[in-house]
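# Fold and contact review
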Amino acid sequence: QVQLSESGGGSVQAGGSLRLSCAASRGSVRAYTMGWFRQAPGKEREFVAAISWRRDSTGYSDSAKGRFIISRDNAKNVVYLQMNGLEPEDTAVYYCAARSVREIVRTSASYNYWGQGTQVTVSS
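Residues numbered from 1 in each chain as written. Predicted model: local features only at pLDDT ≥ 70, side-chain atom pairs only at ≥ 80, totals over all residues. Heavy atoms only, no water.

## Some words on unusual backbone geometry
Cut-off, in case you're wondering: Helical segments are the DSSP runs of H or I of at least four residues, strand segments are the runs of E of at least two, and each set is numbered from the N terminus.
A positive phi angle, close to 60 degrees, is found at Arg-26, a residue other than glycine. Here Arg-26 lies in the loop between β3 (18-25) and β4 (33-39).

## Points about the pattern of salt bridges
Spelled out, the test is: Put simply, a salt bridge is a Lys or Arg side-chain nitrogen that is within 4 Å of an Asp or Glu carboxyl oxygen. The rule is simple: take the accessible area with a 1.4 Å probe, protein chains only, and divide by the maximum for that residue type; under 20% is buried, over 50% is exposed, in between is partly exposed.
One pass over the structure, following the stated rule, counts four salt bridges. Linking Arg-67 and Asp-90 is a salt bridge whose minimum nitrogen-to-oxygen distance equals 2.7 Å. Linking Arg-67 in the loop between β6 (58-60) and β7 (68-73) with Asp-90 in the loop between β8 (78-83) and β9 (92-99), this pair joins segments that are 23 residues apart in sequence. The buried category is assigned to Arg-67, whose relative accessible area is 16%. Given the relative accessible area of 0%, Asp-90 is considered buried. Between Glu-103 and Arg-99 there is a salt bridge; the shortest N-O distance is 2.9 Å. If you follow the salt bridges from partner to partner, you end up with Arg-38, Glu-46, Arg-67 and Asp-90 in one network.

## Some thoughts on the sheet that holds β8
Worth spelling out the cut-off: Strand pairing is assigned whenever DSSP detects at least two bridges linking the two strands. Axis angles are defined between N-to-C directions and span 0 to 180 degrees, where every axis is a line fitted to C-alpha atoms and, for a helix, only to the segment in contact.
Read across the sheet, four strands follow the order β1-β3-β8-β7 without closing on themselves; strand pairing throughout is antiparallel. This sheet does not close on itself; its edge strands, each paired only once, are β1 (3-7) and β7. On average, each strand axis in the sheet is inclined to that of its neighbour by 20 degrees, with strand direction left out of account. Both β3 and β8 contribute to a ladder of six bridges, which runs antiparallel. Residue Leu-18 lies in a different strand from β8, and its bridge partner there is Met-83.

## Regarding the environment of Arg-38
Which entries qualify depends on this criterion: Contact criterion: two residues are considered in contact whenever any of their non-hydrogen atoms come within 4.5 Å of each other. Polar contact is defined as a pair of N or O atoms within 3.5 Å, subject to the rule that within protein one atom must be able to donate a hydrogen and the other to accept it, and that residues adjacent in sequence are counted only when both atoms are side-chain atoms.
Note that Arg-38 resides in strand β4. A relative accessible area of 6% means that Arg-38 is categorised as buried. If we skip the residues at most four places from it in the chain, Arg-38 touches Glu-44, Arg-45, Glu-46, Val-48, Ser-63, Phe-68, Glu-89, Asp-90, Ala-92, Val-93 and Tyr-94. One polar contact links Arg-38 to Asp-90, side chain to side chain, over a distance of 2.9 Å. A polar contact of 2.9 Å, which involves the side chain of Arg-38, links it to the side chain of Tyr-94.

## Side note on the nonpolar core
The nonpolar side chains of a soluble globular protein tend to be buried, and buried together. Just so we agree on the cut-off: Side-chain atoms within 4.5 Å link the members of a nonpolar core, which is a set of buried Ala, Val, Leu, Ile, Met, Phe, Trp, Tyr and Cys residues.
If you look at the biggest cluster of nonpolar residues, it comprises 30 residues, and the most contacted ones within it are Leu-4, Met-34, Trp-36, Leu-81, Met-83 and Tyr-94. Where this core is concerned, the elements lending two or more residues are β3, β4, β5 (46-51), β7, β8, β9 and β11 (118-123). If you look at the next biggest cluster of nonpolar residues, it comprises six residues, including Phe-37, Phe-47, Val-105 and Tyr-111.

## Points about the packing of aromatic side chains
Note the cut-off: When two rings of Phe, Tyr or Trp (its six-membered ring) have centres within 6.5 Å they constitute a pair, described as stacked for plane angles under 30 degrees, edge-to-face for angles over 60, and tilted for the intermediate range. Only lysine NZ and arginine CZ atoms are considered, and such an atom sits over a ring when it is within 6 Å of the ring centre and within 35 degrees of the ring normal.
Under the counting rule described, the total for this entry stands at six aromatic pairs. Consider the rings of Tyr-32 and Tyr-113, whose centres lie 6.0 Å apart with planes at 90 degrees: the pair is edge-to-face. Taken together, the positions of Tyr-32 in the loop between β3 and β4 and Tyr-113 in strand β10 (residues 113-114) put the pair 81 residues apart, joining distant regions of the chain. The class for Tyr-32 is buried, based on a relative accessible area of 12%. In this arrangement the basic side chain of Arg-45 is found over the ring face of Tyr-95, its NZ or CZ atom lying 3.9 Å from the centre.

Below you can see the structure in the form of structure tokens.
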């Protein structure tokens, strides 16, 4: 079973950028649909972005589209979330997830494997 580990979180000023990384072990990111979710205190976990092998497809939430970019480095077996133009409302714990069925979905319940999360804090 694939194991996931996130990194790259931290604190950034509004308008700044961060790149989150999700390293996969015991499996290849090419074999899974990979997703990023986030959860702020008192809020439900929400979909941010996903990437699938099928047609090199990507999907984004409305808030992420135009600001965030999801990509994968097959050689390094890593999935990235490049976050630009960060705003305070982006503050949350960000989770990497993998889905064994290779198609993009937007619901957290559809993903089989999860990392431990990395905190992103955006200050005004």
